[in-house]
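One-letter residues, chain by chain:
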Amino acid sequence: MICLSVCIGTSCHLNGANNVVMTFQHLIEEYQLHDKVAVAAAFCMQACSRNDVSVKIGDERFGVKAEEARTFFKEKVLPLVK
């Protein structure tokens, strides 16, 4: 199971964390990946000075802009599923 941890702390919330979570959940539905990918909320990932949302896949951290969440999912998550 791939776990996507999305920071929902204050800075990330203001940068669109809710939109990132919703996009990931929608794509999990769209690709029928309920048994392969999970989304979890996390608090501060110590990257508050960035202008994006912190997302972790395993131990790797990424900065994701809300408007780029769909592309991020397709480029980083889908290859891990296949």
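Okay, so let's go over this structure. Note that the coordinates shown come from a computational prediction; the quantities given were computed from them, not determined experimentally.

Thresholds, definitions, all that
- Residues numbered from 1 in each chain as written.
- Predicted model: local features only at pLDDT ≥ 70, side-chain atom pairs only at ≥ 80, totals over all residues.
- Heavy atoms only, no water.
- Phe/Tyr/Trp six-rings, centres within 6.5 Å; stacked < 30°, edge-to-face > 60°.
- Helix = DSSP H or I, 4+ residues; strand = E, 2+ residues; numbered from the N terminus.
- Buried < 20%, exposed > 50% of the residue type's maximum accessible area, 1.4 Å probe, protein only.
- Contact = heavy atoms within 4.5 Å.

### Brief notes about the packing of aromatic side chains
If you walk through the whole model with that rule in mind, you get three aromatic pairs. A ring pair is formed by Phe24 and Phe73, whose centres lie 5.8 Å apart and whose planes are at 40°; its orientation type is tilted. Note that Phe24 is positioned in helix 2 (residues 17–30) and Phe73 in helix 3 (residues 69–81), a separation of 49 residues in sequence. Note on accessibility: Phe24 and Phe73 belong to one class, buried. Three or more aromatic residues joined by ring pairs form one cluster here, namely Phe24, Phe62, Phe72 and Phe73.

### Digging into the environment of Val55
Assignment of secondary structure puts Val55 in strand 3 (residues 53–57). For the pair formed by Val55 and Met45, sequence separation is 10 residues and the distance between their alpha carbons is 8.5 Å. Contact partners of Val55, with chain neighbours within four places excluded, come to Ser5, Val6, Val20, Phe24, Met45, Glu60, Arg61, Phe62, Val64 and Phe72.

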